[in-house]
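Now for the letters of each chain:
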Amino acid sequence: MEEELLMIPGPVPVLPRILKAMSKPMIYHRGDEFGRLYEEIVEILKNIFQTRNDLFVLSGSGTCAMEAGIGNLIDNETRIVCIANGKFGERFVDIANRYNENKENVTTVNFAWGSPIELETVKEALECNPEVVTMAHNETSTGILNPAKEVGKLARKHDAVFVLDCVTSIGGDEVPVDEFGVDIAIVGSQKCLGAPPGLSAISISEKAWDLMQENPGRPYYMDLVAYKKSLEKKQTPYTPSLPLFFALREALEVIREESMERRIERHRMLSKAVRAAVTGLGLSLFPKLNEISDYSNTVTAISIPLASGITDEQIRGGMRKKGVMVAGGQEKLKGKIFRIATMGNITEKEVLRTIKALEQVLMENEFIDGEGRGMEEANRVFQNAWK
Ligand SMILES: Cc1ncc(COP(=O)(O)O)c(C=O)c1O
């Protein structure tokens, strides 16, 4: 039987060579071998982040690094502006409210889920001169790529620390952290890097350190100042998840062999193929764009054509019976959209298997009359793609 194909936005399928790396014997986490491993991982990730800032690997998922970033930066007196147009942008609001009891210091710039970020509205919100600005780059809940460069410019103008959730963009899309003026960038292991879940990486600029070092309310386990001190000895403050570090090192080797340029190109091509296939099948893409936003290159959000009578259960449940798992909508989008991820080490083959399953389900539920259109559209993108 064919294995179930995970086409959800993380965890992504993990290559056998990366899985195998996890079964290596444990090593002393304060010894030279771990020191070399950690140092290599940090150097490679800095290249992928395109940053000269400090970078650390945390034994915790993406949210752990989001909380570490905010928890180290802010206290009750910090003014923070959180820009949100989906679930993950809003997660920063929740974290900010945990670490700042003065609700008036936490300003939320909310846009409807699936709508683009409007720069004029952000500009107005920044007139309060915040010390910190947050945003999700690739908003996985709605399939939109938010304008990191433009918001980075505005944050810099106000001399604010810019915290960007790049959990599902780094490793699959172009994210030049320093050029975009990102002070804190965060990635998760189980997304575009193609590693198992459980690790995250976070980069920290000098400007961000200035706020952190003065903050007595920093978290204990995720104290980034402690991480900085430990890195001088090529260590982490507490016991790292060694099997996951082994796996991450192998996942980074896979990336090196492919090259970041080709990897980003592949992510772009695969998501373009998914968009072409689903629109060719008469479905609509969920996000609404403006001139400074784009469709995500790592996850495609598709509206369920409820007026036609087809349901989320029929689409996703039907695809699952055919061995393909795609994601549903989250919270208020539950039952309204479904999402196909093209992250990590996914290839044309997995995309075609997904589109085929979707076509069959749409036909079985009488949304389309015949099979083949989606596959044709996807194949057209592949044939025209840069190789
Ligand atoms: C954009 C974004 N940010 C943060 C997270 C949270 O990451 P984790 O589930 O690894 O904690 C996710 C997870 O899907 C995400 O897509």
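Residues numbered from 1 in each chain as written. Predicted model: local features only at pLDDT ≥ 70, side-chain atom pairs only at ≥ 80, totals over all residues. Heavy atoms only, no water.

(A) How the structure looks around the domain arrangement of the chain. Each assigned domain of the chain is listed here: domain 1 (5-10 + 258-384) and domain 2 (16-256). Inter-centroid distance (C-alpha atoms) of domain 1 to domain 2 is 28 Å. Across the boundary between the two partners, domain 1 contributes 32 residues, which contact 34 residues of domain 2. Taking both partners together, domain 1 and domain 2 bury about 2,700 Å²; carbon and sulfur atoms supply 55% of that area. Broken down residue by residue, the surface that domain 1 buries against domain 2 is led by M260, I292 and Q330, which jointly contribute 20%. Between domain 1 and domain 2 we count 2 salt bridges in total. Here R268 makes a salt bridge to D173, at a shortest N to O gap of 3.1 Å. At the boundary of domain 1 and domain 2, one finds 19 residue pairs in polar contact (both at pLDDT 80 or more). (Domains from an automatic or database assignment. Contact = heavy atoms within 4.5 Å. Buried area = accessible area lost by both parts, 1.4 Å probe. Salt bridge = Lys/Arg side-chain N within 4 Å of Asp/Glu carboxyl O. Polar contact = N/O pair within 3.5 Å; in protein donor to acceptor, adjacent residues only side chain to side chain.)

(B) Examining the packing of helix α10 (residues 260-280) against helix α12 (residues 348-364) more closely. The geometry of α10 relative to α12 is characterised by a closest axis approach of 10 Å and an angle of 15 degrees between their N-to-C directions. Between α10 and α12, the crossing angle belongs to the class labelled roughly parallel. Classified by chirality, the crossing of α12 by α10 is right-handed. Only E348, V351, I355 and L358 of α12 make contact with α10, whose side of the interface consists of M269, L270, V274, A277 and V278. Considering only residue class, the contact of α10 with α12 consists of 8 nonpolar, no polar and 1 charged. (Axes fitted to C-alpha atoms, helices over the stretch in contact; angles between N-to-C directions. Helix = DSSP H or I, 4+ residues; strand = E, 2+ residues; numbered from the N terminus. Parallel < 35°, antiparallel > 145°, perpendicular 65-115°, else oblique. Left-handed = near helix turned anticlockwise from the far one by under 90°. Nonpolar A, V, L, I, M, F, W, Y, C, P; charged D, E, K, R; others polar.)

(C) Just unusual backbone geometry, in detail. Put simply, G10 and P11 share a cis peptide bond, and its omega is -5 degrees. Despite not being glycine, D159 has its phi angle at roughly 60 degrees, a positive value. Along the chain, the position of D159 falls in the loop between α6 (148-157) and β8 (161-165). One non-glycine residue, K234, lies in the positive phi region at around 60 degrees. Counting through the fold element by element, K234 comes out in the loop between α8 (224-231) and α9 (242-258). Classification of K234 as partly exposed rests on a relative accessible area of 35%. (Buried < 20%, exposed > 50% of the residue type's maximum accessible area, 1.4 Å probe, protein only.)

(D) Quick peek at the environment of D94. For D94, the position within the fold is in helix α4 (residues 87-99). Given the relative accessible area of 54%, D94 is considered exposed. Taking the C-alpha atoms as reference points, D94 and V106, 12 residues apart in sequence, are found 9.8 Å from one another.

(E) Layout of the site of the ligand. Around the ligand, the structure places 13 residues, and the nearest of them are S61, T63, T140, D165 and K191. A distance of 2.6 Å separates an oxygen atom of the ligand from a polar atom in the side chain of S61. Note that an oxygen atom of the ligand is positioned 2.5 Å from one of the side-chain N or O atoms of T140. Counting residues per element, the ones that place at least two in the shell around the ligand are α3 (62-73) and α4. Looking at the shell around the ligand residue by residue, the class counts come to 3 nonpolar, 7 polar and 3 charged. (Near = heavy atom within 4 Å.)

(F) How the structure looks around the side chain of N215. Turning to its location among the elements, N215 is positioned in the loop between α7 (206-213) and α8. Relative accessible area serves as the criterion here: at 3%, N215 is assigned to the buried category. There is a polar contact of 2.9 Å between the side chain of N215 and the backbone nitrogen of G217. Beyond its immediate chain neighbours, meaning those up to four positions away, N215 contacts G71, N72, L73, I74 and D75.

(G) Expanded view of the sheet that holds strand β6 (residues 138-139). Taken in spatial order, the 3 strands make up an open sheet running β6-β7-β12, and their pairing is antiparallel. What marks the edges here is a single partner per strand, and that holds for β6 and β12 (294-295). Where β6 and strand β7 (residues 144-145) come together, 2 bridges link them in antiparallel fashion. When the sheet's bridge partners are listed, E139 is paired in β7 with I144. (Pairing = 2+ DSSP bridges.)

(H) Structural detail: the environment of R156. Relative to the assigned elements, R156 resides in helix α6. Those residues in contact with R156 that sit more than four places away from it in its chain are D178, E179, F180 and G181. Within the local environment of R156, its side chain forms a polar contact with the backbone oxygen of E179, the two atoms lying 3.5 Å apart.

(I) Molecular detail of the side chain of D173. Within the element layout of this structure, D173 appears in the loop between β8 and β9 (184-188). Classification of D173 as buried rests on a relative accessible area of 5%. Here N297 takes part through its side chain, which lies 3.0 Å from a polar atom of the side chain of D173.

(J) Fine view of the environment of E131. Counting through the fold element by element, E131 comes out in the loop between α5 (119-125) and β5 (132-136). Distance in space between the C-alpha atoms of E131 and L281 is 47 Å, their sequence separation being 150 residues. Among the polar contacts made by the side chain of E131, one reaches the main-chain amide nitrogen of R79 at a distance of 2.7 Å.

(K) Geometry of the packing of aromatic side chains. Per the counting criterion, the structure on display carries 7 aromatic pairs. A ring pair is formed by F56 and W209, whose centres lie 5.9 Å apart and whose planes are at 75 degrees; its orientation type is edge-to-face. Here W209 lies in helix α7 and F56 lies in strand β2 (residues 54-58), a separation of 153 residues in the sequence. You'll find F56 and W209 in the same group, each marked buried. Just above the ring of F246 sits the side chain of K24; from NZ or CZ to the centre is 4.5 Å. (Phe/Tyr/Trp six-rings, centres within 6.5 Å; stacked < 30°, edge-to-face > 60°. Lys NZ or Arg CZ within 6 Å of the ring centre and 35° of its normal.)

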